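Chain by chain, the residues:
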Amino acid sequence: MARTPRHDTPAGAAAAATGELGSADMPAEMLREQIAGCLLAARERTQLLTGCVDEGDLVRQHSPLMSPLVWDLAHIANQEELWLLRAVGGREPIHPEIDPLYDAFEHPRAERPTLPLLRASEARHYAGEVRGRVLDLLGAATFSGARLVTGGFAFGMVAQHEQQHDETMLITHQLRRGAPVLSAPEPPPAPADAPGLPAEVLVPAGPFTMGTSSEPWALDNERPAHTVHVPAFYLDTTPVTNGAYLQFIADGGYDDPRWWSAAGWEHRQRAGLSAPLYWRRDGGGWVRTRFGVTEPVAAAEPVLHVCWYEARAYAAWAGRRLPTEAEWEKAARFDPGTGRSRRYPWGDAAPAAELANLGQRYLRPAPAGSYPGGAAPCGARQLIGDVWEWTASDFLPYPGFRAWPYREYSEVFFGTEYKVLRGGSFAVGPVACRGTFRNWDYPVRRQIFAGFRTARDATAAAAGNGRV
Ligand SMILES: [Fe+2]
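Residues numbered from 1 in each chain as written. Predicted model: local features only at pLDDT ≥ 70, side-chain atom pairs only at ≥ 80, totals over all residues. Heavy atoms only, no water.

(A) Highlighting the overall build of the protein chain. Regarding its fold elements, the protein chain presents 10 helices and 14 strands. Over its C-alpha trace the protein chain gives a radius of gyration of 21 Å, about what one expects of a compact globule, namely 23 Å for 468 residues. The C-alpha extent of the protein chain, read off along each of the three principal axes, is 65 × 50 × 40 Å. Classification of the 468 residues of the protein chain by burial places 60% in the buried group. In the protein chain, 47 side chains carry a positive charge and 53 a negative one; their mean positions are 4 Å apart. (Helix = DSSP H or I, 4+ residues; strand = E, 2+ residues; numbered from the N terminus. Rg over C-alpha atoms; globule rule 2.2 N^0.38 Å. Buried < 20%, exposed > 50% of the residue type's maximum accessible area, 1.4 Å probe, protein only. Lys, Arg positive; Asp, Glu negative; His and termini not counted. Charge placed at Lys NZ, Arg CZ, Asp CG, Glu CD.)

What follows is the structure, encoded as structure tokens:
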């Protein structure tokens, strides 16, 4: 996201696996343990991402699109102090003089390296001090009374915020030049049935419940639950792969204005786009660089680092289109057996390692067709995790939207400037990812971990070149 709170103002695997995240009905002791687990998981990742580089790398700005890592670190702590120690706990500020430095709305990212930021050791000390006091506060919390603490919301919001910055910091790592400092195992190969999967799945026409009024840690833009009628449509079973995207490139897709919107073609010309970000030609093939390692482009992996304009052009070339946000959510959540919307494609249980590729476990998307256990009732796979998926939709409020707990979380971003992304990427923590979660960014952004899948109306025959 360009300037969203989730990255700017604003992978708890162990905690997430324990069940529903946040619940107004959960006994306080259980909720306390769950929150502590989510906070710890986020902090472990933060420490890894900021501990694997030297001081010079921490304070350097690796791209004008991103903050120095040391800014993210102190900003995480500052937001935790603001929301938990001050707003919930009523405590006095620890270092009120630094608040303006870490207010994302006061200083755009490009400006942050020029600020008198805390040094790395000071930022670490501050983050540790805040966390220690937060755990004391958590130990005495009752999770009832004020809306901010009901169901542990403020704690959940802070855990999500840190996980979102962990994703932001991983994006910074991808932009960083130099020797590799991050490593992870390769995800397991796709299951044997992956090659035989149908290319698309049918989502029948009918109403479904979009958004939520009951998810305890849902953010304001996911609320309230409302009924949306969605005509029948077909959706790709998996995200579009590198192999399919290579066909688009080989077919001259980047050079044919027929497939591009007017704004997209103008951007493609001005920015000189010819392949996903981090790709380059190598002899007769393509290689990509990921976290400092250059390797052949893996054909079975979902395509990554394409902007909305590229996703839209690919879909047009394939005789298809991007799904709307409502279509995406219906495919991901609607259970025709019960008529209700699930929390996740696989059901209501929180994400577990065998259901989705989340939490920076592998540092890359899994091959298309992976995670059969995480499939939605319609049969689509990998809707949660792997890659953020661009949708056709602008970022707009749901009917009955109310800004909470502050306007700058979502409301100031509503409009046609941003496109919605859904589903979360391999870099997202489980606590910051669910069927209702909405991400948004500018249609030109490519540094984010975004791919896409395509759709078509069920009533219209596929047109275009019929290749996909
Ligand atoms: Fe933030």
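(B) Representation of the packing of helix H2 (residues 28-51) against helix H6 (residues 153-175). Their axes nearest at 9 Å, the elements H2 and H6 cross at an angle of 20°. In terms of orientation, H2 lies roughly parallel with respect to H6. Considering the relative orientation of H2 and H6, their crossing is left-handed. Side by side, H2 and H6 meet where Ile-35, Cys-38, Leu-39, Ala-41, Ala-42, Arg-43, Arg-45, Thr-46, Leu-49 and Thr-50 of the first sit next to Phe-155, Val-158, Ala-159, Glu-162, Gln-163, Asp-166, Met-169, Leu-170 and His-173 of the second. Tallied by class, residues from the contact of H2 with H6 come to 11 nonpolar, four polar and four charged. (Axes fitted to C-alpha atoms, helices over the stretch in contact; angles between N-to-C directions. Parallel < 35°, antiparallel > 145°, perpendicular 65-115°, else oblique. Left-handed = near helix turned anticlockwise from the far one by under 90°. Contact = heavy atoms within 4.5 Å. Nonpolar A, V, L, I, M, F, W, Y, C, P; charged D, E, K, R; others polar.)

(C) Fine view of the environment of Tyr-126. Along the chain, the position of Tyr-126 falls in helix H5 (residues 120-140). Owing to a relative accessible area of 1%, Tyr-126 belongs among the buried residues under this scheme. The spacing of Tyr-126 and Val-203 is 77 residues in sequence and 50 Å in space, taken between C-alpha atoms. With sequence-adjacent residues up to four places away left out, Tyr-126 is seen in contact with Ala-74, Ala-77, Asn-78, Glu-81, Ile-94, His-95, Ile-98 and Leu-118. Within polar-contact distance, the side chain of Tyr-126 engages the side chain of Asn-78 at 3.1 Å. (Polar contact = N/O pair within 3.5 Å; in protein donor to acceptor, adjacent residues only side chain to side chain.)

(D) Seen up close, the sheet that holds strand E14 (residues 455-457). Taken in spatial order, the three strands make up an open sheet running E1-E4-E14, and their pairing is antiparallel. In this open sheet, the two edge strands, each paired with only one partner strand, are strand E1 (200-203) and E14. Pairwise comparison of adjacent strand axes, ignoring direction, gives a mean angle of 25° for this sheet. Alignment of E1 against strand E4 (residues 233-236), held across four bridges, turns out to be antiparallel. Within the sheet, the bridge partner assigned to Val-203 lies in E4 and is Phe-233. (Pairing = 2+ DSSP bridges.)

(E) Representation of unusual backbone geometry in the model. In this structure, the amide linkage connecting Arg-223 to the following residue, Pro-224, adopts the cis form with an omega of -10°. Here Pro-224 lies in the loop between strand E2 (206-210) and strand E3 (226-230). Following Trp-404, the chain continues into Pro-405 via a peptide bond in cis, with omega recorded as 0°. Topologically, Pro-405 is positioned in the loop between strand E10 (388-395) and strand E11 (415-422). You will see that Gln-360, though not glycine, has its phi angle at about 60°, which is positive.

(F) Just the packing of helix H4 (residues 69-88) against H5, in detail. Between H4 and H5, the least distance of the axes is 9 Å, while the angle of their chain directions is 25°. Our classification of the angle between H4 and H5 gives roughly parallel. At the point where H4 passes H5, the crossing takes the left-handed sense. Residues Val-70, Leu-73, Ala-74, Ala-77, Asn-78, Glu-80, Glu-81, Leu-84, Leu-85 and Val-88 of H4 form the contact with H5, whose own contacting residues are Ala-120, Ala-123, Arg-124, Tyr-126, Ala-127, Val-130, Arg-131, Arg-133, Val-134 and Leu-137. Considered class by class, the residues forming the contact of H4 with H5 number 14 nonpolar, one polar and five charged.

(G) Here's a closer look at the packing of aromatic side chains. One pass over the full model with this rule turns up 29 aromatic pairs. An angle of 70° between the planes, with centres 5.7 Å apart, marks the rings of Trp-308 and Tyr-309 as edge-to-face. When its relative accessible area of 9% is taken as the criterion, Trp-308 is described as buried. Tyr-309 sits in the buried class, given a relative accessible area of 13%. Residues Tyr-406 and Tyr-409 carry aromatic rings whose centres are separated by 6.0 Å and whose planes lie at 85° to one another, so their mutual orientation is edge-to-face. The same class applies to Tyr-406 and to Tyr-409, which are both buried. Through a chain of ring-to-ring contacts, three or more aromatic side chains come together here, namely Tyr-245, Phe-248, Tyr-254, Trp-260, Trp-265, Trp-279, Trp-286, Tyr-314, Trp-317 and Phe-452. The side chain of Lys-419 reaches across the aromatic face of Trp-308, ending 4.5 Å from its centre. (Phe/Tyr/Trp six-rings, centres within 6.5 Å; stacked < 30°, edge-to-face > 60°. Lys NZ or Arg CZ within 6 Å of the ring centre and 35° of its normal.)

(H) Broad picture of the pattern of salt bridges. Evaluated as defined, the whole model comprises 39 salt bridges. Arg-364 is the salt-bridge partner of Glu-295, the closest N and O atoms lying 3.2 Å from each other. Here Arg-364 lies in the loop between strand E9 (340-341) and E10 and Glu-295 lies in strand E7 (residues 293-296), a separation of 69 residues in the sequence. The exposure class of Arg-364 is buried, given its relative accessible area of 14%. Between Arg-438 and Glu-325 there is a salt bridge, with its nearest N and O atoms 2.6 Å apart. Of the two residues, Arg-438 is situated in the loop between E11 and strand E12 (439-441) and Glu-325 in helix H10 (residues 325-333); the sequence distance between them amounts to 113 residues. Across the pair, Glu-325 and Arg-438 agree in class, each one buried. Counted as one network, the salt bridges with shared partners bring together Arg-288, Arg-290, Glu-295, Glu-301 and Arg-364. (Salt bridge = Lys/Arg side-chain N within 4 Å of Asp/Glu carboxyl O.)

(I) Spatial organisation of the nonpolar core. By size, the foremost hydrophobic cluster in this structure holds 122 residues, and its most contacted members are Phe-155, Leu-170, Tyr-245, Phe-248, Tyr-314 and Phe-452. The residues touching Leu-170, leaving out its near neighbours within four places in the chain, are Leu-49, Leu-182, Phe-291, Gln-360, Leu-363, Phe-426, Ala-427 and Phe-449. Counting residues in hydrophobic clusters, the runner-up holds seven residues, among them Phe-401, Phe-413, Tyr-418 and Trp-440. (Core = buried A, V, L, I, M, F, W, Y, C linked by side-chain atoms within 4.5 Å.)

What is shown is where atoms sit, not what they do.
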